[in-house]
Amino acid sequence: LILGDSRDWGFTDTHDSSGDLGDLARSIGPSFGYINAACAGDTLSAFITAHTQRAALQQYVSHVVFGDPINALRSGGTGQNKSAATVLGELQTILGYFPTKRCLTTTTGGPNTTSTDSWATVANQTVNANNTEIAAYNTAIRAGVANSVGYFDIMSAVESSAASGKWWVTGVASATTIDGLHSTQAGYLAIKNSGVVNTALINRTGL
């Protein structure tokens, strides 16, 4: 069961022969069946408020991956611009909805930046105003959190360099992101090809 926001759902991704979209399904799909119940624009607090139907899907799965928390962390509107500690607390509430499942978590599915050259270069990107908290959350996930059997370090596959808070680039405008928040197909494929979504963490035995 894949839960999360638009990047987990596959917004701005485009179909190819795999039939899979997004930062998790592209890697999981070749090995396992999945239900992608990610929701564009979701935040952790919104999931806590309205999770009943999605949580009920756990009866059909062995594992739950709760994906990208960027909408809770990045500077923005309602339910956003939170501290890493607050969002980690919300994450624990959510993991508690799946007590009999093997749960996995992820770092943010990419940076959130603005750019003066349509993301052709790293130098012309400006990190999100709450980037310190975004980085702190990712550090905590990499260190391991309670009630999670492992994590997928998606941020590392699409960040220009460790802890930069900026998108990787090719020198071509809008090649890796078109809006500074969502990957292009090239970005989603970079996640898949990097191997950061390690399907060895998903097994068919034991709960």
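Residues numbered from 1 in each chain as written. Predicted model: local features only at pLDDT ≥ 70, side-chain atom pairs only at ≥ 80, totals over all residues. Heavy atoms only, no water.

Colleague: How would you summarise helix α6 (residues 84-95) if you had to cite specific residues and measurements?
Modeller: In this model α6 runs 16 Å from its N-terminal to its C-terminal C-alpha over 12 residues, within 8% of the 16 Å that 1.5 Å per residue would give. Residues A84, V87, E90, L91, I94 and L95 constitute the buried set of α6. Each buried residue of α6 sits inside an arc of 140 degrees when the element is viewed along its axis, so together they form one side. Looking at the packing, one finds that the buried side of α6 touches α3 (44-49), β2 (63-66), α5 (70-73), β3 (102-106) and α7 (131-143). (Helix = DSSP H or I, 4+ residues; strand = E, 2+ residues; numbered from the N terminus. Expected span 1.5 Å × (residues − 1). Buried < 20%, exposed > 50% of the residue type's maximum accessible area, 1.4 Å probe, protein only. Arc of directions from axis to C-beta. Contact = heavy atoms within 4.5 Å.)

Colleague: An account of the environment of T121 is needed here, citing residue identities and associated values.
Modeller: Residue position: T121 is located in the loop between β4 (113-115) and β5 (125-127). A polar contact is formed between the side chain of T121 and the side chain of D117, at a distance of 2.6 Å. Separated by 3.3 Å, the side chains of T121 and N124 make a polar contact. (Polar contact = N/O pair within 3.5 Å; in protein donor to acceptor, adjacent residues only side chain to side chain.)

Colleague: Give a description of the pairing of β3 that names residues and reports values.
Modeller: Burial runs high along β3: four of the five residues are buried. Alignment of β2 against β3, held across four bridges, turns out to be parallel. If you follow V64 over to β3, its bridge partner there is C103. The pairing of β3 with strand β6 (residues 150-152) spans three bridges and is parallel. Within β6, the residue paired with L104 across the bridge is G150. (Pairing = 2+ DSSP bridges.)

Colleague: Which residues make up the pattern of salt bridges, and what are the values?
Modeller: Per the stated rule, a full pass over the model turns up six salt bridges. Between R54 and D42 there is a salt bridge whose closest N-O contact spans 2.8 Å. On the criterion of sequence distance, the pair formed by R54 in helix α4 (residues 52-55) and D42 in the loop between α2 (25-28) and α3 is long-range, its members being 12 residues apart. For the pair R54 and D42, one class covers both residues: buried. When the shortest N-O distance is used, the salt bridge between K82 and E90 registers 2.4 Å. K82 sits in the buried class, given a relative accessible area of 19%. Three or more residues joined by partner-sharing salt bridges are found here, namely D13, D16 and R26. (Salt bridge = Lys/Arg side-chain N within 4 Å of Asp/Glu carboxyl O.)

Colleague: Kindly report on the environment of V197, identifying the contributing residues and their values.
Modeller: The topology assignment puts V197 in the segment after α9 (185-194). Note: C-alpha distance between V197 and L73 (124 residues apart in sequence) is 22 Å. The contacts of V197, once residues within four sequence positions are left out, are D23, L24, S27, I28, F152, I154 and I191.

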